[in-house]
Amino acid sequence: MDTKPLGADLPDGVRFIGPEVDWEPGWAPGDAPSLADLNACVACGLCLPHCPTYRLTGEESASPRGRITAMRAVQEGRAATDETFARFMDLCLVCRACEDVCPSHVPFGRMMEAARTQIEPLRPRRARFLRRLGLDLVLPSKKLTWVAGALTPLARPFMPRRIRALIPRGGGEPFARLPRVTEPHGQLRGTVALLSGCVQDRWFRRVNRATIRVLARNGWRVVVPRRQVCCGALAAHNGHLRAARRLAKKNAAAFAEVDVVVANAAGGGAHMAEYGDLVEGAGLPVRDVMEFLHGEGLAGDAGSLPALTRVAYHDPCHALRAQGIHHQPRGLLRAIGNLELVEIPNGDRYCGAAGIYNVTEPEMSGRLMREKAEAVASTGAAVVASGNPGCTMQLLAGLGELGATMRVVHPVELLDRAMAR
Ligand code: SF4
Ligand code: SF4
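Model, not experiment: these values are computed from the prediction. (Residues numbered from 1 in each chain as written. Chains lettered and ligands numbered in written order. Predicted model: local features only at pLDDT ≥ 70, side-chain atom pairs only at ≥ 80, totals over all residues.)

Novice: Got a minute to help me understand the overall build of the protein in this structure?
Specialist: From N to C terminus, the protein includes 22 helices and nine strands. Against the globule reference of 22 Å for 421 residues, the protein gives a C-alpha radius of gyration of 23 Å, in line with a compact fold. Each principal axis of the C-alpha atoms in the protein carries an extent, and together these give about 80 × 45 × 45 Å. Put simply, the protein has 421 residues, and 43% of those count as buried. Intrachain contacts of the protein at a sequence separation of at least 6 include 77% that bridge at least 24 residues. (Helix = DSSP H or I, 4+ residues; strand = E, 2+ residues; numbered from the N terminus. Rg over C-alpha atoms; globule rule 2.2 N^0.38 Å. Buried ≥ 20, exposed ≤ 12 C-beta atoms within 10 Å, placed from the backbone. Contact = placed C-beta atoms within 7 Å.)

This is the structure:
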């Protein structure tokens, strides 16, 4: 049998592209992109025009294909996980637009999360400390999240301007808790559990309250399990997979008995829906609140706003790309009387929030934010509806910079307002 290495018979000047015969992966022990996932990419490049960082830089290294090529080079022992590699990975927003359009179904999000665990040791000590503090300690702990939230108004004057602009004022109700059980109005259709979230519950508790009211008005008993914790999306997207797994296990236990987990934060819902990939047996039946209400149907009329209001709907990437949610929120908003729904030009483009990306990559995030805010403002709408707290914060900051006076709300808040009449 011929045992010559692959490519040994090629003519001079022609190089075999692929792993050397005796290659060793260059990953450090621990999480890393799997060979099967890397091999799924056929380098067709169809994802490139959909990638926000490629669109703005024109650089292959800032494209999904370029990032996968860099991962494959490490996998095949031809490159190291050095500063250059880290830069390729860090500029990605993990928006998963590439995954959505990929004909080979490359699971880019999970590959990027694994690749980022590899670059964590390369970060400067201060960055490592802050990430560990925020992602491994504060967010997973309800008490520490509460303390951080309570201290935010005091710390606000000392924050850099761009971070100050992102954090909503107030947030209110620091001592209040959501009701453990809310009984439905009228005929009981079933029981759902609400993912209250960490950022959502601290700064946008009103969205959680509106979600509970709308579900209850439509016949659903809503439970809010006390043992639930942060969903872990921020930790996972930033390569803190150990923390993300810990949180997934806790939430899998907290929501174990429920038929449906309703999420009103697209990033959290998309991440929780894939718990099974993170921890065997931790999968949960998660549905976005707008997709759930649309799919199950409203119990009655969607109601009406008090005056004719033009509303622009913003597609969060983790709703549109990761969960395929597009027509459901639009369908529900169109059902509301006195509501004129308008589309945002290039609405499938990213707003640049991406968890902590707007803090770690301010330049790229700022460019995407301005582009999005200008597109939103051009609609002439009075209100923009966004189903993800990260997007809401980014839109508020971007519209504020433009001096636009549009309100940013969750679409479920519009339903709540309309149904209350
Ligand atoms: S990720 Fe998918 S779309 Fe992009 S180059 Fe690879 S196979 Fe093609
Ligand atoms: S996740 Fe988004 S930013 Fe990252 S490579 Fe894919 S499309 Fe580009």
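Past the structure itself, the notes keep going.
Novice: Can you help me understand the site of ligand 1 in this one?
Specialist: Within the structure, ligand 1 sits among 14 residues, and C41, C44, C47, R65 and C102 are positioned closest to it. For the shell around ligand 1, the element with the highest residue contribution is helix α3 (residues 64-75), accounting for three residues. (Near = placed C-beta within 6 Å.)

Novice: Looking at this structure, I do not really get helix α21 (residues 389-402). What am I missing?
Specialist: Helical geometry note: an α-helix holds 3.6 residues per turn, so side chains three or four residues apart project in the same direction. In this model α21 runs 20 Å from its N-terminal to its C-terminal C-alpha over 14 residues, within 8% of the 20 Å that 1.5 Å per residue would give. Among the 14 residues of α21, 11 are classified as buried, and the element is accordingly described as predominantly covered. For α21, every residue scored as buried is listed here: P389, G390, C391, T392, M393, Q394, L395, L396, A397, G398 and L399. A positive phi of about 80° marks G403, the residue just after α21. (Expected span 1.5 Å × (residues − 1).)

Novice: I keep staring at α3 and nothing clicks. Help me out?
Specialist: In this model, α3 (12 residues) spans 16 Å end to end at C-alpha, consistent with the 16 Å of a helix rising 1.5 Å per residue. Among all positions of α3, only P64, R65, R67, I68, A70, M71, V74 and Q75 are buried. Packed against the buried residues of α3 are α1 (35-40), α4 (83-90), α5 (97-101) and α6 (108-119). Phi for G77, located one or two positions after α3, is positive at around 75°.

Novice: Explain the site of ligand 2 here, please?
Specialist: Close to ligand 2 lie 14 residues, the nearest being C51, P64, C92, C95 and C98. Looking at the shell around ligand 2, the elements that each hand over two or more residues are α2 (52-57), α3 and α5. Among the residues forming the shell around ligand 2, the class breakdown is 10 nonpolar, two polar and two charged. (Nonpolar A, V, L, I, M, F, W, Y, C, P; charged D, E, K, R; others polar.)

Novice: Looking at this model, I keep getting lost on the sheet that holds strand β9 (residues 407-409). Mind explaining?
Specialist: Backbone hydrogen bonds hold the strands of a sheet together, and the pairing may be parallel or antiparallel. Strand order in the open sheet formed by four strands is β7-β6-β8-β9, with parallel pairing between adjacent strands. Every other strand in the sheet has two partners, leaving β7 (337-342) and β9 as the edge strands with one partner each. The average undirected angle you get between the axes of adjacent strands in this sheet is 35°. In this sheet, β9 lies alongside strand β8 (residues 383-386) in parallel orientation, the contact comprising three bridges. In the sheet register, A385 faces β9, and the bridge partner there is V409. (Pairing = 2+ DSSP bridges. Axes fitted to C-alpha atoms, helices over the stretch in contact; angles between N-to-C directions.)

Novice: Quick question: what am I supposed to make of the domain arrangement of the protein here?
Specialist: Once the domains are mapped, the protein shows domain 1 (35-122) and domain 2 (302-419). One C-alpha centre belongs to domain 1, the other to domain 2, and the line joining them spans 28 Å. Each side of the interface is counted separately: domain 1 has 12 residues, and domain 2 has 11 residues. For the side of domain 1 that touches domain 2, the secondary structure elements donating two or more residues are α2 and α5. Here the side of domain 1 that touches domain 2 is built from residues that sort into seven nonpolar, one polar and four charged. (Domains from an automatic or database assignment.)

Novice: Honestly, the packing of α3 against α4 in this entry has me stumped. Any pointers?
Specialist: Relative orientation and spacing of two packed helices are given, respectively, by the angle between their axes and the distance between those axes. Where α3 contacts α4, the axes come no closer than 10 Å and their chain directions differ by 145°. In terms of crossing hand, the pair formed by α3 and α4 is left-handed. Contacts between α3 and α4 pair G66, R67, A70 and V74 from the former with F85, F88 and M89 from the latter. Looking at side-chain class alone, the contact of α3 with α4 contains five nonpolar, one polar and one charged residues. (Left-handed = near helix turned anticlockwise from the far one by under 90°.)

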